[in-house]
Amino acid sequence: MDATVLPEVTSLGVVIKAIIILTIISAIAGFGTYIERKILAFMQRRLGPTHVGPFGLLQIAADGIKLFTQEDIIPQNANKLIFQIAPAITAATAFIALASVPVFPDFIIPEFIPILGGTFVPSIAADINVGILFVLGMMAAGLYGPLLAGMAQANKWGIIGSARTAIQFLSYEVVTGLSILAPIMLVGSLSLVDFNEYQAGEFTEWLIWQQPVAFVLFLIAGFAETNRTPFDLLEHEAEVISGYATEYSGMRWGMFFIGEYANMITVAILASVMFLGGYNDLGFIAGWFIIILKISFFFFLMLWVRASWPHIRPDQLMWLCWKVLMPLALVNILITAIVMMI
Amino acid sequence: MYEQIAFYLFSVLTIGLFLVTVLTKNILYAMTSLAGGMVFISGFFFLLEADFLGVVQLIVYVGAVMALYAFAMMFFDATRDIKENTTSNYLVFFLGGMIALMLVIIFIAPIMGDNIQSMYPPIEGAGNAQSVGLVLFTKYLVPFEVAALMLLVAMISGIILAGKKMDNSLTTQEDIIIEKEEIIK
């Protein structure tokens, strides 16, 4: 980006970065529940949380206290070990995926702070050159959480939930892979930094204008990847109680949802870096601010879609992914390849 | 230093997890440790700076083991232990260990004789994915295409096996007649 040489990335800087990601994203996940309830309420002509604190803002604290102090119940016939580690898998993989996407801008800790002063904190914690694949692989591994949780809890709703997890995974995974292939061919790299630099300059350079089909396909697959409505088959209350999360309570239940919100943020970051120009400056607006705007927009879009659309059935998801989206993605790749060859 | 620590950590974890896969009686432990072991194997690729292969290992095996889980869900009760005919874990351990040792000796013996040399040294400036692609589409083009063809054959035969009577309902005509008779009664 700039001609100035960036300071060296030290291991201390990476550790600080990891702590920042953990704390801020966890906090955003908590705040996200409040925003979600307020926006859904606004769209459905309700009030949402109002009683605790101004505008119901302290509802987050109340929910947090409830989650932390609730009894941690493990059902009698459950496989205890697997039941206990399943939520940790969802939360851990969500944060590992966040390690290789650019989350906040680079900065240097001011000198006056003791010990840590002068440390350079990078924008990407682990800048590997196959970033996109790593993030998608980690998010795919995150689905082991619901799968194991459902199978370990000796509950029929849980088993149905985990069977639906497998179905969902087998449906969307091929669409995600094929939809990002066309932009990857254009950019010629798997690194998110290269994607960002490819789209530097005016907003006419954004990949969404060259790859509108791929953008829509990626977004649809992203909704399935994060279990958002209309594809939240795993925990569809009206059909399977709460699916894989039926027997969970307290902080273990909370970890599933921290993981889900972290995944939403990851998908939002991926979509804005890959298709909407990333963290380049746009006119007079600074890059770090514009990417926060883009991420917020995608987060809002997920809530908007949740308020507007009904759930779909598992067979409809399979039909959509394999019979509609996958052929579209293949045609998109073919056309991109032909245009590139000419 | 860090690399050696990481290598031994990944080795111990991988071998330990795969031992659990072989020795446990619980289907859920077996599948979970298999998935965990596959993830740790990708750690070796990352240590060797083969990022692309590491990520491919991660994505491919996550999906593959997920399909195995689906089968496990259909055939077993995941929360109970399975009754096995051979109950001696020591025998399984011994035989498995011996076979693994033999495989290692077979593969290591020719390499130990002469120093290891890379047949296709990495090209300067080419990234991970590019290097893999270059070798795959020049030297190993025929095996690559043959493998693709075999997968296509497997897929088509799978579709034919599963989809023979897809238009018909799964309930047979007799079942429908029986149901109707029950309603009349």
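Look a little higher up for the structure.
In this report, we go over the structure that sits alongside the text.

Description of the environment of Leu-136 of chain A
Residue and element names in this part refer to chain A.
- Relative to the helices and strands, Leu-136 is located in helix H4 (residues 131-141).
- Overall, Leu-136 belongs to the buried group, its relative accessible area being 7%.
- Distance from Leu-136 to Pro-230, taken between C-alpha atoms, is 20 Å for residues 94 residues apart in sequence.
- Beyond its immediate stretch of four places on either side in the chain, Leu-136 contacts Thr-176, Ile-180, Glu-225 and Leu-270.

Digging into the packing of aromatic side chains
Residues and elements named next belong to chain B.
- Inspection of the entire model under this criterion finds 18 aromatic pairs over all chains.
- With a centroid separation of 5.4 Å and an interplanar angle of 75°, the aromatic rings of Phe-7 and Tyr-8 are classed as edge-to-face.
- Owing to a relative accessible area of 38%, Phe-7 belongs among the partly exposed residues under this scheme.
- Of the residues examined, Tyr-8 reaches a relative accessible area of 56% and is grouped as exposed.

Some thoughts on the pattern of salt bridges
All names here are of chain A.
- Taken as a whole and judged by the stated rule, the model has six salt bridges over all chains.
- Between Arg-228 and Glu-36 there is a salt bridge, with the nearest N and O atoms lying 2.6 Å from each other. With Arg-228 in the loop between helix H9 (212-225) and helix H10 (237-240) and Glu-36 in helix H1 (residues 11-43), the pair connects residues that are 192 residues apart, well separated along the chain.
- You can call Glu-36 buried: its relative accessible area is 4%.
- Asp-72 is paired through a salt bridge with Arg-252; the nearest N and O atoms lie 3.1 Å apart. Of the two residues, Asp-72 is situated in the loop between helix H2 (59-69) and helix H3 (80-98) and Arg-252 in helix H11 (residues 250-274); the sequence distance between them amounts to 180 residues.
- Where salt bridges share partners, they join Glu-36, Arg-228, Glu-260 and Arg-306 into one cluster.

Some details on the nonpolar core
- In this structure, Leu-98 of chain A together with Tyr-69 of chain B are the most contacted members of the largest nonpolar core, which totals 108 residues.
- Of the residues forming this core, the biggest block, 13 residues, is contributed by H11 of chain A.
- With residues up to four places along the chain from it excluded, the contact list for Tyr-69 of chain B reads Tyr-144, Leu-147, Leu-148 and Met-151 of chain A together with Leu-28, Met-31 and Thr-32 of chain B.

Structural notes on the interface of chain B and chain A
- Tallying the contact residues gives 25 residues for chain B and 28 residues for chain A.
- Contact between chain B and chain A buries roughly 2,300 Å² in total, counting both sides, with carbon and sulfur atoms accounting for 80%.
- When residues of chain B are sorted by the area they lose upon contact with chain A, Met-66, Met-73 and Thr-79 of chain B head the list and together hold 26% of the total.
- If you look at where chain B meets chain A, you find zero salt bridges.
- In this assembly, chain B and chain A are joined by two residue pairs in polar contact (both at pLDDT 80 or more).
- Counting only elements with at least two residues in the side of chain B that touches chain A, the list comes to helix H2 (27-47), helix H3 (51-75) and helix H5 (128-137) of chain B.
- Of all the elements, H3 of chain B adds the most residues to the side of chain B that touches chain A, at 13 residues.
- Taken together, the residues of the side of chain B that touches chain A break down into 17 nonpolar, six polar and two charged.

Scoring rules and cut-offs
- Residues numbered from 1 in each chain as written.
- Chains lettered and ligands numbered in written order.
- Predicted model: local features only at pLDDT ≥ 70, side-chain atom pairs only at ≥ 80, totals over all residues.
- Heavy atoms only, no water.
- Helix = DSSP H or I, 4+ residues; strand = E, 2+ residues; numbered from the N terminus.
- Buried < 20%, exposed > 50% of the residue type's maximum accessible area, 1.4 Å probe, protein only.
- Contact = heavy atoms within 4.5 Å.
- Phe/Tyr/Trp six-rings, centres within 6.5 Å; stacked < 30°, edge-to-face > 60°.
- Salt bridge = Lys/Arg side-chain N within 4 Å of Asp/Glu carboxyl O.
- Core = buried A, V, L, I, M, F, W, Y, C linked by side-chain atoms within 4.5 Å.
- Buried area = accessible area lost by both parts, 1.4 Å probe.
- Polar contact = N/O pair within 3.5 Å; in protein donor to acceptor, adjacent residues only side chain to side chain.
- Nonpolar A, V, L, I, M, F, W, Y, C, P; charged D, E, K, R; others polar.

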